[in-house]
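# A structural walkthrough
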2 protein chains.
Amino acid sequence: MSDCIFCKIIRKEIPATVVFEDDDVLVFMDIGPIVKGHALVTPKKHYDPITETPDAIVAKLHLTAKRVAAAQMNAFGADGVNIMQNNGAAAGQEVEHIHVHVIPRFSTDGHHWNWNAKKYDDFSEMNKLAEDLRKHL
Amino acid sequence: MSDCIFCKIIRKEIPATVVFEDDDVLVFMDIGPIVKGHALVTPKKHYDPITETPDAIVAKLHLTAKRVAAAQMNAFGADGVNIMQNNGAAAGQEVEHIHVHVIPRFSTDGHHWNWNAKKYDDFSEMNKLAEDLRKHL
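Residues numbered from 1 in each chain as written. Chains lettered and ligands numbered in written order. Predicted model: local features only at pLDDT ≥ 70, side-chain atom pairs only at ≥ 80, totals over all residues. Heavy atoms only, no water.

### Considering the relation of the copies chain A and chain B
Convention followed: Superposing copies: least-squares fit, C-alpha atoms only, residues required to have pLDDT of at least 70 in both.
The transform that puts chain A on chain B rotates by 180° and translates by 0.0 Å along the axis, for an RMSD of 0.0 Å. Viewed as a symmetry operation, the transformation between the two copies matches a two-fold axis.

### Considerations on the pairing of strand β4 (residues 80-87) of chain B
Using the following cut-off: Remark: exposure states derive from per-residue accessible area (1.4 Å probe, protein chains only) relative to the maximum for the residue type, with buried under 20%, exposed over 50%, and partly exposed in between. Note on conventions: DSSP H or I runs of at least 4 residues are helices, E runs of at least 2 residues are strands, and numbering of each starts at the N terminus. Two strands pair if DSSP finds at least two bridges between them.
Burial of β4 of chain B is extensive: eight of the eight residues sit out of reach of the surface. Every second residue of β4 of chain B is oriented toward a common face, with Gly 80, Asn 82, Met 84 and Asn 86 of chain B on one face and Val 81, Ile 83, Gln 85 and Asn 87 of chain B on the other, all of them buried. In this sheet, β4 of chain B lies alongside strand β4 (residues 80-87) of chain A in antiparallel orientation, the contact comprising seven bridges. If you follow Asn 86 of chain A over to β4 of chain B, its bridge partner there is Asn 82 of chain B.

### As for helix α3 (residues 123-136) of chain A
Heads up, the rule is: What a helix is expected to span follows from its residue count: subtract one and scale by 1.5 Å. To obtain the arc, one takes the directions from the helix axis to the C-beta atoms. Only heavy atoms matter for contacts: two residues are in contact if any of them lie within 4.5 Å across the pair.
With 14 residues, α3 of chain A should cover 20 Å at 1.5 Å per step; its first-to-last C-alpha distance of 20 Å lies within 8% of that length. Of the residues making up α3 of chain A, those classed as buried are Met 126, Leu 129, Ala 130, Asp 132 and Leu 133 of chain A. For α3 of chain A, the angular spread of buried residues about the axis comes to 160°, placing them on one side. Opposite the packed face of α3 of chain A, turned more than 90 degrees from it, sit the exposed residues Phe 123 and Lys 135 of chain A. Buried residues along α3 of chain A sit in contact with β1 (18-21), β2 (25-29) and α2 (55-76) of chain B.

### Considerations on the nonpolar core
Note the threshold: Here, nonpolar core refers to any group of buried Ala, Val, Leu, Ile, Met, Phe, Trp, Tyr and Cys residues whose side-chain atoms link them within 4.5 Å.
One finds Val 102 of chain A together with Val 102 of chain B to be the most contacted residues of the largest nonpolar core, which totals 68 residues. Non-local contacts of Val 102 of chain A, meaning those with residues more than four positions away in its chain, are made with Gly 37, His 38, Ala 39, Val 41, Ala 65, Val 68, Ala 69, Gln 72, Val 81, Asn 82 and Ile 83 of chain A.

### Quick notes on the pattern of salt bridges
Formally: Any carboxyl oxygen of Asp or Glu within 4 Å of a side-chain nitrogen of Lys or Arg constitutes a salt bridge here.
Within this structure, the stated rule accounts for 22 salt bridges over all chains. With a closest N to O distance of 2.8 Å, Lys 60 of chain A and Asp 24 of chain A form a salt bridge. Here Lys 60 of chain A is found in helix α2 (residues 55-76), whereas its partner Asp 24 of chain A is found in the loop between β1 (18-21) and β2 (25-29), with 36 residues between them in sequence. Two residues, Lys 66 of chain A and Asp 55 of chain B, come together in a salt bridge whose shortest N-O distance is 2.6 Å. On the criterion of chain membership, the pair formed by Lys 66 of chain A in helix α2 and Asp 55 of chain B in helix α2 is interchain, its members lying in two chains. One salt-bridge network, in which partners are shared between bridges, spans Lys 12, Glu 21 and Lys 44 of chain A.

So, in structure tokens, the structure goes:
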């Protein structure tokens, strides 16, 4: 898409620090890293969100993320890795071109996700949501 | 693994609210949801972390997550979805059996990830990390 910043990066109209590319995907450094070494995996063709992205591309993005995670562990000695794919502004997505965040994590990195787990009022509330999901799968 | 809580769920030794299952994967409700409707996708065989998980399973987990995301949008009217896979205690992983979080998001849900983006001191710092990654890909 002409005004998509990731499409511009892919077309080399905007510079980026590329880590890997092939016919399908581009991997480049996130300039605003959660933890330094944070990389993004994105398809060369414009798709968004994941539900509109072909299965072969969804698989390729995540297999590439796996490779990047291994490289972060081996290159940086990362203790762990977050792999995160956000869909929609409500989910915190900023660029509307599907991308997978691959974030190297260290026990000393100081980042702690605000994992604010809620509680269901009762099991019937959870079971009702599960039933709704089953009907749509 | 005998003492893995997800293996126990898969063997039906511990109850869970199952949304979907086939020969490879189990999808069930997270009882501590970030947002109500939060589901987990996990392989029936024990693997961990993603770097030790076969490519076919990594692909299957994320294609299943895509389906669950679509179901959350269609069933709940979710405005967005977070798909997150944490590797290692340093990354916030609690159960050491690979799993993908699929979290329905609503513009009104009140959750905001603490996306504390850092800055590189300069481009050479980022370029050095990218170079290290390239060598290990």
